[in-house]
Amino acid sequence: MKIALIGATGQVGSRILAEALQRGHQVSAIARHADTLAPRAGLTPVALDVADSGKLAAALAGQDAAIVSVKYSVVDARPILKAIEQAGVPRVLVVGGAGSLQVAPGVDLVDTPEFPAPYKEEALAAREILRLLRAGTALDWTLVSPSALLVPGERTGKFRIGGDQLLADAQGNSRISIEDLALALVDELEAPKHSRQRFTVGY
């Protein structure tokens, strides 16, 4: 499959890149400093500013799917989604945040008093992207939210899939490794089960 990965040099994007290449996909790795990526089979680095929706749309032409993994408090995702639509990419997968997951009926994690202040701006920005997608778009989208704690770790392949509720284990811990998040996302890419939906991943 031909995949455009937007944000390929980030902490999450780099794991998604590794997972997709490992499975034999052809990946156009799009990032401002994509030229710093080590050469690998199947990898085409595309260095550009994703805020330029015209150049981005040109880079996306002919791709089977696009994956968006950016920091939403810094990067405006709306021009990115516009470029994906303009390029006629059939499918888009978006890496969202945990803050929009519900911890009680009608209560999002980001709105709870104990939500860490340093992460709130990013969580709110990521929630807006989910709301934007749900409000209506021509794109065939899927958004994946990680568990509350997303950290580098092992690729275990042993995790649970959920919907809009925050997943936690028996001790109340909500976590997932970046490697397993990438695995779950590429699984969804290869075998879609959440068209126009959000899903979450956790242990």
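Keep in mind the model is a prediction, meaning the values are calculated, not measured.

1. Focus: the pattern of salt bridges
- In total, this model carries 14 salt bridges according to the counting rule given.
- A salt bridge links Arg 155 to Glu 19; the shortest N-O distance between them is 2.7 Å. In this pair, Arg 155 sits in the loop between β9 (149–151) and β10 (160–162) while Glu 19 sits in helix α1 (residues 11–22), placing the two residues 136 residues apart along the sequence.
- Under the relative-accessibility criterion, Arg 155 is labelled partly exposed at 42%.

2. Remarks on the layout of surface pockets
- Reported here for the largest pocket is a volume of approximately 1,200 Å³.
- Contributing to the lining of the largest pocket are 46 residues, with Val 12, Val 70, Lys 71, Tyr 72 and Glu 122 lying nearest its centre.
- Mapped onto the lining of the largest pocket, the elements with two or more residues apiece are α1, β2 (26–31), α4 (120–135), β9 and α5 (178–190).

3. What to know about α5
- Between its terminal C-alpha atoms α5 stretches 18 Å, which fits the 18 Å expected from 13 residues at 1.5 Å a residue.
- Counting buried residues in α5 gives eleven out of 13 residues, a clear majority hidden from the surface.
- What α5 keeps buried is the set Ile 178, Glu 179, Asp 180, Leu 181, Ala 182, Leu 183, Ala 184, Leu 185, Val 186, Glu 188 and Leu 189.

4. Points about the side chain of Glu 188
- Inspection of the secondary structure assignment puts Glu 188 in helix α5.
- One polar contact links the side chain of Glu 188 to the main-chain amide nitrogen of Lys 193, over a distance of 3.0 Å.

5. A word on the sheet that holds β2
- The strand order across the open sheet formed by eight strands is β3-β2-β1-β4-β5-β8-β12-β10, and the pairing between neighbours is mixed. Bordering the open sheet on either side are β3 (43–47) and β10, each of which pairs with just one other strand. This sheet shows a mean twist of 20 degrees between the axes of neighbouring strands, independent of strand direction.
- Two strands pair when backbone bridges link them, and β2 and β3 are joined in this way by five bridges, in the parallel orientation. Its bridge partner lying in β3, Val 27 is registered against Leu 43.
- Along the sheet face, α5 touches β1 (2–6), β4 (65–68), β5 (92–95), β8 (141–145) and β12 (197–202) and points at about 160 degrees away from the line of β5.

6. A closer look at the packing of helix α2 (residues 53–60) against helix α3 (residues 77–87)
- Axis separation between α2 and α3 bottoms out at 8 Å; the angle between their running directions is 45 degrees. Considered as vectors, α2 and α3 are oriented oblique to each other. Crossing of α2 over α3 shows right-handed handedness. Of the residues in α3, those touching α2 at Ser 53, Leu 56, Ala 57 and Leu 60 are Pro 79, Ile 80, Ala 83, Ile 84, Gln 86 and Ala 87.
- In terms of residue class, the contact of α2 with α3 is made up of eight nonpolar, two polar and no charged.

7. Some details on α2
- Listing the buried residues of α2 in full gives Ser 53, Leu 56, Ala 57 and Leu 60. Along the long axis of α2, the arc covered by the buried residues comes to 100 degrees, so they all point the same way. Counted as exposed and oriented over 90 degrees from the buried face of α2: Lys 55 and Ala 58.
- Gly 62 lies just past α2 and shows a positive phi near 85 degrees.

Definitions and limits used
- Residues numbered from 1 in each chain as written.
- Predicted model: local features only at pLDDT ≥ 70, side-chain atom pairs only at ≥ 80, totals over all residues.
- Heavy atoms only, no water.
- Salt bridge = Lys/Arg side-chain N within 4 Å of Asp/Glu carboxyl O.
- Helix = DSSP H or I, 4+ residues; strand = E, 2+ residues; numbered from the N terminus.
- Buried < 20%, exposed > 50% of the residue type's maximum accessible area, 1.4 Å probe, protein only.
- 1 Å grid on protein atoms, 1.4 Å probe; cavity = no way out; pocket = protein on both sides within 12 Å on 5 of 7 lines; lining within 4 Å.
- Points joined across faces, edges and corners; volume = space filled by probe spheres on them.
- Expected span 1.5 Å × (residues − 1).
- Polar contact = N/O pair within 3.5 Å; in protein donor to acceptor, adjacent residues only side chain to side chain.
- Pairing = 2+ DSSP bridges.
- Axes fitted to C-alpha atoms, helices over the stretch in contact; angles between N-to-C directions.
- Contact = heavy atoms within 4.5 Å.
- Parallel < 35°, antiparallel > 145°, perpendicular 65-115°, else oblique.
- Left-handed = near helix turned anticlockwise from the far one by under 90°.
- Nonpolar A, V, L, I, M, F, W, Y, C, P; charged D, E, K, R; others polar.
- Arc of directions from axis to C-beta.

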